Structure formats: C-alpha cells, structure tokens
Amino acid sequence: MEITTEESIWFAACRVEDAVENGGVCVKYRDQQIALFYFTRRNEWYATQNECPHRKQMALSRGLLGSTGDDLKVACPFHKKTFSLRTGECLSGDECSLQTFPVKVEEGIVYIQVPLNNS
Ligand code: FES
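As named in an unreviewed UniProt entry, the chain is Nitrite reductase small subunit NirD, taken from Albibacterium profundi.

Below is the structure:
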C-alpha cells in the first residue's frame, strides 16, 4: 500500500511482528534497500539507507546497534564506522552520512516515507 503526497510516498514496509526486535531488517522500496530498526524498550523506529556510504556495502541493517547519550547509532559490520540513526551523521569523523527516512506505525503496519525523487 502506498500513500502519495506531492513530494513523498509512505509505503508499507512490513508488519510490526515481522520487524526484528532491538535490531535491524532490510526492506525494499522498488530498487532501493532501506534498513529498518526497531527498539522495543523505547518503542522507537528508525530507517536509513542500507548501503554504507564508506565502501558501498549493503550492510547497515546487519550493523551493531548502540547509543551515545540519547542518540542511537549503528556501526557498519565491515569497518565499524558509526552513524546516528536520528540524523544519519557519521560519528566516526568521516564526511559521509546516511539518508534517513521518517517511520510511522498504524494498525500494526510499519510505514516508511521516501521522497519521490528516490522512487
Ligand atoms: S563499508 Fe561500512 S564502514 Fe566500510
């Protein structure tokens, strides 16, 4: 199911029970891979590009999760560069960053908003 506005699309990524609790899963929107993260204790969802911008590995959904203060982060399994899940900023001091996407849950379905220019 898709809900389209002028600039973006909310697409149904998965059901809540299909998400990995306190972990990540890779979902696809057309030819784009998106890493979806679910933190059950905080009931927070995050979505970022799945491709690590360092060496273009499709790996972030399998990354190691952690936190810096209130900010949750993911570490790429390849070279351990870390990124803020909220902003996409690289926390390892590199210039690269992640594209992030809004997430919402309605009636047990997880929706991710992607810009139309990504579709
Ligand atoms: S490919 Fe992700 S840190 Fe190098």
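Enquirer: I keep staring at the packing of aromatic side chains and nothing clicks. Help me out?
Expert: The geometry of an aromatic ring pair comes down to the distance between the two centres and the angle between the two planes. Under the criterion given, the structure shown has three aromatic pairs. Ring geometry for Tyr38 versus Trp45: centroids 3.8 Å apart, planes at 5°, classification stacked. When its relative accessible area of 15% is taken as the criterion, Trp45 is described as buried. Ring centres 6.0 Å apart and planes at 75° place the aromatic pair Phe39 and Tyr46 in the edge-to-face group. Looking at Phe39, the relative accessible area reads 9%, which means it is buried. Taking the ring centre of Tyr111 as reference, the NZ or CZ of Lys104 above it sits at 5.9 Å.

Enquirer: Would you take a moment to explain the sheet that holds strand S7 (residues 71-75) for this structure?
Expert: Within a sheet, adjacent strands bond to each other through the backbone by hydrogen bonds, running parallel or antiparallel. The three strands are arranged S6-S7-S8 in an open sheet whose pairing can be described as antiparallel. Every interior strand has two partners, whereas the edge strands, strand S6 (64-68) and strand S8 (82-84), have only one. Sheet twist, expressed as the average angle between the axes of neighbouring strands with direction ignored, equals 35°. One ladder, built from five bridges, connects S6 with S7; its direction is antiparallel. Residue Leu65 lies in a different strand from S7, and its bridge partner there is Val74.

The rules behind each value
Residues numbered from 1 in each chain as written. Predicted model: local features only at pLDDT ≥ 70, side-chain atom pairs only at ≥ 80, totals over all residues. Heavy atoms only, no water. Phe/Tyr/Trp six-rings, centres within 6.5 Å; stacked < 30°, edge-to-face > 60°. Buried < 20%, exposed > 50% of the residue type's maximum accessible area, 1.4 Å probe, protein only. Lys NZ or Arg CZ within 6 Å of the ring centre and 35° of its normal. Pairing = 2+ DSSP bridges. Helix = DSSP H or I, 4+ residues; strand = E, 2+ residues; numbered from the N terminus. Axes fitted to C-alpha atoms, helices over the stretch in contact; angles between N-to-C directions.

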